[in-house]
Amino acid sequence: MPLRHFLRDDDVTHEEQAEILARAARIKGAPFTDRTLVGPEVVAVLFDKQTLRTQLSFSAAIAHLGGYPMVVDGKLAQVGVRESIADVARVMGRESVAIVWRTYGQDRIEEMARYAQVPVINALTDDFHPCQILADLLTIQEHKGALPGLTLGYCGDGANNMAQSYLLGAALAGMHIRIGTPASHQPKPEILARAEELAAEHGGSVLVTDDPVETVSGADAVATDTWVSMGQEKEKDSRQGAESPFARFQVNAGLMAQADPGAVFLHCLPAYRGFEVTEDVIDGPQSVVWDESENRLHAQKAILAWLVEQHRAGDPT
Ligand code: CP
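As the structure is a prediction and not an experimental result, all values here were calculated from the model. (Residues numbered from 1 in each chain as written. Predicted model: local features only at pLDDT ≥ 70, side-chain atom pairs only at ≥ 80, totals over all residues. Heavy atoms only, no water.)

A. Geometry of the sheet that holds strand E3 (residues 98–102). With respect to topology, four strands assemble into an open sheet ordered E2-E1-E3-E4, the strand pairing being parallel. Looking at strand neighbours, the two that pair on one side only are strand E2 (68–73) and strand E4 (120–122), the edges of this open sheet. Strand after strand, the sheet turns through a mean of 20 degrees between neighbouring axes, direction not considered. Relative to E3, strand E1 (residues 42–47) is paired through five bridges, and the arrangement is parallel. Across the sheet, the residue bridging to valine 45 is valine 100, located in E3. (Pairing = 2+ DSSP bridges. Helix = DSSP H or I, 4+ residues; strand = E, 2+ residues; numbered from the N terminus. Axes fitted to C-alpha atoms, helices over the stretch in contact; angles between N-to-C directions.)

Here's what the structure looks like:
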């Protein structure tokens, strides 16, 4: 059985995604019953970029599963600078049952996975944020019911990791995924093509539009993300200033009113009130952002335990 990783949203099948989300829901109801990492087994958690939620939720998830989170500061490890990604992977793979990594290029985490010999989980790269999307899908499922057939409208930077992961993860779930973004910030063509393929396979659909109203019209869930992703800090003035290409895509009360009246609002956080979302929306009655944040914990416990079990089943030594 090949070693499984979670480097992008479509590294699991439709059925596996549903199984992982169901496990996450069960775990949420009985937080300390899944003891997959009892030992404690070590999980290496490495950050090359800033974090709050991801470090908290992975540390808690690993501890709840009976394991030990070995958090590694990327500034100290300097992966790919002090030594090669391959050598870091070989070292960490000998001392842990899984590796969680937040880094820049998707090629970096793919290289880690090639050499680690244990499951590798993407805790955010420039291209994807698949653990966040699992948490978001769990949140939508809790509030809106079964995912297939639901519509999710995302407004903002269509080229960032959240937009690209929504495309894959929501299409895989059989949802109708709409990305509202300016023509200058489109998702990568190969990711869009893959999302269209997944949507066709699972009964969903994909729309990329530069019309924010078309994006959210009648939607069951509306999402946005910061206009300045990690690594883009030098572009902050152009992305958030008066001439921001994303200004039309701000999720405010007027835009939210175009969605279904029962729609929920999602934001992976950190949020910048007055830019991608207004205070009345993120702090208003349709917002489920605190559930979404908590669900990182439950979703990550489920994917981590599932991957470790898959590995044990394929390599019982
Ligand atoms: N949403 C998210 O990944 O949060 P952090 O960047 O704080 O980890």
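B. Layout of the pairing of strand E8 (residues 221–224). Both faces of E8 are covered, namely the face carrying Ala221 and Ala223 and the face carrying Val222 and Thr224. Bridge count for strand E5 (residues 151–155) against E8 is four bridges, and the pairing is parallel. Among the inter-strand pairings, leucine 152 is bridged to a residue of E8, identified as alanine 221. Judged from the four bridges that link them, E8 and strand E9 (residues 264–267) form a sheet pairing that is parallel. (Buried < 20%, exposed > 50% of the residue type's maximum accessible area, 1.4 Å probe, protein only.)

C. A look at helix H6 (residues 130–144). Taking 1.5 Å of rise per residue, 15 residues should cover 21 Å, and H6 covers 20 Å from first to last C-alpha, within 8% of that figure. The buried count for H6 comes to 11 of 15 residues, which makes it a mostly enclosed element. Buried within H6 we find Pro130, Cys131, Gln132, Ile133, Leu134, Ala135, Asp136, Leu137, Leu138, Thr139 and Ile140. A positive phi of about 90 degrees marks glycine 145, the residue just after H6. (Expected span 1.5 Å × (residues − 1).)

D. Local environment of the pattern of salt bridges. Counted under the stated rule, the structure contains 15 salt bridges. For glutamate 309, the salt bridge goes to arginine 23, with nearest N and O atoms at 2.8 Å. In this pair, glutamate 309 is assigned in helix H13 (residues 289–314) and arginine 23 in helix H1 (residues 14–29), connecting sequence segments 286 residues apart. When the shortest N-O distance is used, the salt bridge between aspartate 157 and arginine 239 registers 3.0 Å. Within this pair, whereas aspartate 157 is found in the loop between E5 and helix H7 (161–172), its partner arginine 239 is found in helix H10 (residues 236–240), the two being separated by 82 residues in sequence. Accessibility classification places aspartate 157 together with arginine 239 in one group, the buried group. Linked by salt bridges that have partners in common, Arg8, Asp10, Arg194 and Glu197 make up one network. (Salt bridge = Lys/Arg side-chain N within 4 Å of Asp/Glu carboxyl O.)

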